[in-house]
Amino acid sequence: MASIPAPAPEAAPAQPSGTKIGPVVIAFAVGTAVSIALGVYGRLHTPTGYAVNLAGFSTGPAAKAFLATIVIILAIVQTVTAMGIYGRIPLRGAWVNPVHRWSGRLAVLISVPVAVHCLYALGFQAYDGRVIAHSIFGCFFYGAFVFKMLILTRDDSPGWVLPLAGGLVLTGLTALWITAVGYFFFV
């Protein structure tokens with residue numbers, strides 16, 4: 001009796017040549033570690049209660065709300081220019097890439113005093129749902145930001161990784177804005 005050969009196993013879908021998933025996993029792990037480290041620090045650190053304040057603002061929370069709103073506006077600029085860079089919208093010109101880069105740099109620079117205020121003066125708080133959500137989103141945002149920065153310059157990452165990382169950063173920032181600035185302005 002003749003034996004019937006077993007069917008060949010299906011091959012895993014091939015990645016486009018030159019792409020590597022290992023560095024993406026490592027970048028994701030580092031971003032996750034940053035998120036956890038910020039949360040642990042914020043929870044174990046005894047909050048000072050002293051706010052970072054800027055001249056011209058009545059309170060620390062008012063300064064935070066203003067700065068965070070500028071960051072959100074810059075994030076919108078980042079999103080629109082990224083869509084132009086990737087050909088999703090008809091946005092052309094030599095100015096698109098520099099505007100994208102500099103709006104991102106400014107957004108990060110402006111977000112740092114807000115983050116320092118939150119971590120140093122307030123810590124990781126959990127006394128109500130909005131506040132714990134804000135604390136979690138703050139840790140998530142900076143972890144996603146680190147992830148994005150680590151894969152940003154890698155040309156061998158799969159094409160879906162950078163837009164995903166940018167979307168995670170924007171999602172975290174939007175959730176932060178809603179749970180803090182939205183509350184400050186509208187409640």
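Note that the coordinates shown come from a computational prediction; the quantities given were computed from them, not determined experimentally.

**Some words on the packing of aromatic side chains**
- By the definition in use, this model includes 4 aromatic pairs.
- A centroid spacing of 5.6 Å and a plane angle of 90° characterise the contact between Phe 28 and Phe 147, whose relative ring orientation is edge-to-face. Taken together, the positions of Phe 28 in helix α1 (residues 22–44) and Phe 147 in helix α4 (residues 129–152) put the pair 119 residues apart, joining distant regions of the chain.
- When its relative accessible area of 48% is taken as the criterion, Phe 28 is described as partly exposed.
- Pairing Phe 141 with Tyr 142 gives two aromatic rings, centres 4.8 Å apart and planes at 80°, and the pair type is edge-to-face. Of the two residues, Phe 141 and Tyr 142, neither departs from the other in class, the shared state being buried.
- Grouped by ring-pair contacts, the aromatic residues Phe 184, Phe 185 and Phe 186 constitute a single cluster.
- The residue whose ring lies beneath Arg 130 is Tyr 183, and the NZ or CZ to ring-centre distance is 3.7 Å.

**Details of the layout of surface pockets**
- Taken as a whole, the largest pocket encloses approximately 900 Å³ of empty space.
- Around the largest pocket sit 29 residues that line it, and Gln 78, Ala 82, His 100, Lys 148 and Leu 152 are the ones nearest its centre.
- Sorting elements by how many residues they give to the lining of the largest pocket places helix α3 (residues 96–122) first, with 8 residues.
- Residue classes in the lining of the largest pocket are distributed as 17 nonpolar, 8 polar and 4 charged.
- A volume near 750 Å³ is recorded for the second largest pocket.
- Sorting the residues of the lining of the second largest pocket by element identifies α2 (60–85), α3, α4 and α5 (161–186) as the ones contributing at least two each.
- Residues that form the lining of the second largest pocket fall into these classes: 24 nonpolar, 8 polar and 2 charged.

**Remarks on the side chain of Lys 148**
- By the element assignment, Lys 148 lies in helix α4.
- Although Lys 148 is buried, it forms no salt bridge, and the closest oppositely charged side chain is Asp 155 at an N-O distance of 14 Å.
- Residues within four places of Lys 148 in sequence aside, it is in contact with Gln 78, Leu 162, Ala 165, Gly 166 and Val 169.

**Describing the nonpolar core**
- Membership of the largest hydrophobic core comes to 17 residues, with the highest contact counts inside it found for Val 71, Ile 110, Phe 141, Val 169 and Leu 173.
- Elements with a minimum of two residues in this core: α2, α3, α4 and α5.
- Among the nonpolar cores identified, the runner-up in size contains 6 residues, and Ala 27, Ile 151, Val 161 and Ala 165 belong to it.

**Some details on the packing of α2 against α5**
- The interhelical angle for the contact between α2 and α5, taken along N-to-C directions, is 145°, at an axis separation of 10 Å. For α2 against α5, the interelement crossing comes out left-handed. Counted together, Pro 61, Ala 62, Lys 64, Ala 65, Ala 68, Thr 69, Val 71, Ile 72, Ala 75 and Thr 79 of α2 and Leu 170, Leu 173, Thr 174, Trp 177, Val 181, Phe 184 and Phe 185 of α5 form the full contact between these two elements.
- Residue composition of the contact of α2 with α5, grouped by class: 13 nonpolar, 3 polar and 1 charged.

Conventions used here
Residues numbered from 1 in each chain as written. Predicted model: local features only at pLDDT ≥ 70, side-chain atom pairs only at ≥ 80, totals over all residues. Heavy atoms only, no water. Phe/Tyr/Trp six-rings, centres within 6.5 Å; stacked < 30°, edge-to-face > 60°. Helix = DSSP H or I, 4+ residues; strand = E, 2+ residues; numbered from the N terminus. Buried < 20%, exposed > 50% of the residue type's maximum accessible area, 1.4 Å probe, protein only. Lys NZ or Arg CZ within 6 Å of the ring centre and 35° of its normal. 1 Å grid on protein atoms, 1.4 Å probe; cavity = no way out; pocket = protein on both sides within 12 Å on 5 of 7 lines; lining within 4 Å. Points joined across faces, edges and corners; volume = space filled by probe spheres on them. Nonpolar A, V, L, I, M, F, W, Y, C, P; charged D, E, K, R; others polar. Lys, Arg positive; Asp, Glu negative; His and termini not counted. Salt bridge = Lys/Arg side-chain N within 4 Å of Asp/Glu carboxyl O. Contact = heavy atoms within 4.5 Å. Core = buried A, V, L, I, M, F, W, Y, C linked by side-chain atoms within 4.5 Å. Axes fitted to C-alpha atoms, helices over the stretch in contact; angles between N-to-C directions. Left-handed = near helix turned anticlockwise from the far one by under 90°.

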